[in-house]
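Tertiary structure, described
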Amino acid sequence: MAYSEKVIDHYENPRNVGKLDQDSQSVGTGMVGAPACGDVMRLQIQVNDEGVIEDARFKTYGCGSAIASSSLATEWMKGKTLDEAATIKNTDIAEELALPPVKIHCSVLAEDAIKAAIDDYRGKQKHDDAAPAA
Ligand code: FES
Ligand code: FES
């Protein structure tokens, strides 16, 4: 199966690989796995007081399409509000990367990771009465 040029680009030059401080109140962490293949993706966001995602990082133990999907997801999330980022769909990622049908679940993994990171961040704010409602 041939990978699209965009997948190869993100695979060869992944954007925003790395780790943010999981214990920080301003960081949300999403850790998800794909039942279909066992690949695992960690996606993290750093959110400022205005609810804007200032930084996003990922680490993916998985196939090229999963790495490209998470790399693209971090690019798209930066600068967005949480609500905007939550609207990123796996179908948008799959279309942008021209993923073939057998690799669609790799983009689903990225969407799941985005949602999990946002949920984790929002959950943290609930435990802090001083924080503005997210
Ligand atoms: Fe082997 Fe995804 S199935 S890396
Ligand atoms: Fe499973 Fe790509 S093959 S995430």
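Residues numbered from 1 in each chain as written. Chains lettered and ligands numbered in written order. Predicted model: local features only at pLDDT ≥ 70, side-chain atom pairs only at ≥ 80, totals over all residues.

The criterion, for reference: UniProt positions are given in the numbering used here, feature names are shortened, and annotations may be inferred rather than shown by experiment.
By the naming in an unreviewed UniProt entry, the chain goes by Iron-sulfur cluster assembly scaffold protein IscU and is assigned to Endozoicomonas elysicola. Here is the UniProt Function (unreviewed entry) comment for the chain, exactly as written: "A scaffold on which IscS assembles Fe-S clusters. It is likely that Fe-S cluster coordination is flexible as the role of this complex is to build and then hand off Fe-S clusters." Its UniProt record, at the heading Sequence similarities (unreviewed entry), says of the chain: "Belongs to the NifU family."

**A word on the pairing of strand E1 (residues 27-33)**
As a reminder of what qualifies: Each pair of strands is called paired provided DSSP finds at least two bridges between the two strands. Working definition: helices are DSSP H or I runs of at least four residues, strands are E runs of at least two. Numbering for both runs from the N terminus.
Judged from the seven bridges that link them, E1 and strand E2 (residues 40-47) form a sheet pairing that is antiparallel. Directly across from Val27, in E2, lies its bridge partner Gln46. In this structure, the hairpin formed by E1 and E2 is closed by a connection of six residues, where Gly38 is found at a positive phi of approximately 85°.

**Describing the packing of helix H2 (residues 64-77) against helix H4 (residues 90-97)**
To keep things clear, this is the line we draw: Every axis in this analysis is a line fitted to C-alpha atoms, fitted for helices over the stretch in contact. Angles between the N-to-C directions lie between 0 and 180 degrees. Angle categories are assigned with fixed cut-offs, so that under 35 degrees is roughly parallel, over 145 is roughly antiparallel, 65 to 115 is roughly perpendicular, and the rest are oblique. By convention, the crossing between two helices is left-handed when the near helix turns anticlockwise from the far helix through less than a right angle, and right-handed when the turn is clockwise. By the convention adopted here, residues make contact when the C-beta atoms placed from their backbones lie within 7 Å. Classification used: nonpolar for Ala, Val, Leu, Ile, Met, Phe, Trp, Tyr, Cys and Pro, charged for Asp, Glu, Lys and Arg, polar for all others including Gly.
Running from N to C, H2 and H4 point in directions that differ by 110°, and their axes come no closer than 10 Å. Between H2 and H4, the angle is such that the two are roughly perpendicular. As H2 packs across H4, the resulting crossing turns out to be right-handed. Together, Ser65, Ala68, Ser69, Leu72 and Ala73 of H2 and Ile93, Glu96 and Leu97 of H4 make up the contact between the two elements. A breakdown of the residues in the contact of H2 with H4 according to their chemical character gives five nonpolar, two polar and one charged.

**Points about the environment of Asn16**
Relative to the helices and strands, Asn16 is located in the loop between helix H1 (5-12) and E1. As a C-alpha pair, Asn16 and Ile45 span 29 residues in sequence and 11 Å in three-dimensional space. Dropping the residues within four chain positions of it, Asn16 is found in contact with Ala56, Arg57, Phe58, Ser71, Thr74 and Glu75.

**Topic: unusual backbone geometry**
Going by this rule: The exposure scheme places C-beta atoms from the backbone and then counts, for each residue, the other C-beta atoms within 10 Å of its own, assigning buried at 20 or more, exposed at 12 or fewer, and partly exposed in between.
Positive phi outside glycine occurs at Asn16, with the angle close to 65°. What makes Asn16 partly exposed here is the crowd of 19 C-beta atoms within 10 Å. Phi is positive for Ala98, close to 55°, though the residue is something other than glycine.

**Regarding the packing of H2 against helix H5 (residues 104-126)**
The contact between H2 and H5 brings their axes to 8 Å, and the two run at 40°. One way to sum up the angle between H2 and H5 is to call them oblique. Relative to H5, H2 is oriented so that their crossing is right-handed. Contacts between H2 and H5 involve Ser65, Ala66, Ser69, Ser70, Ala73 and Met77 on the former and, on the latter, Cys106, Ser107, Leu109, Ala110, Ala113 and Ile114.

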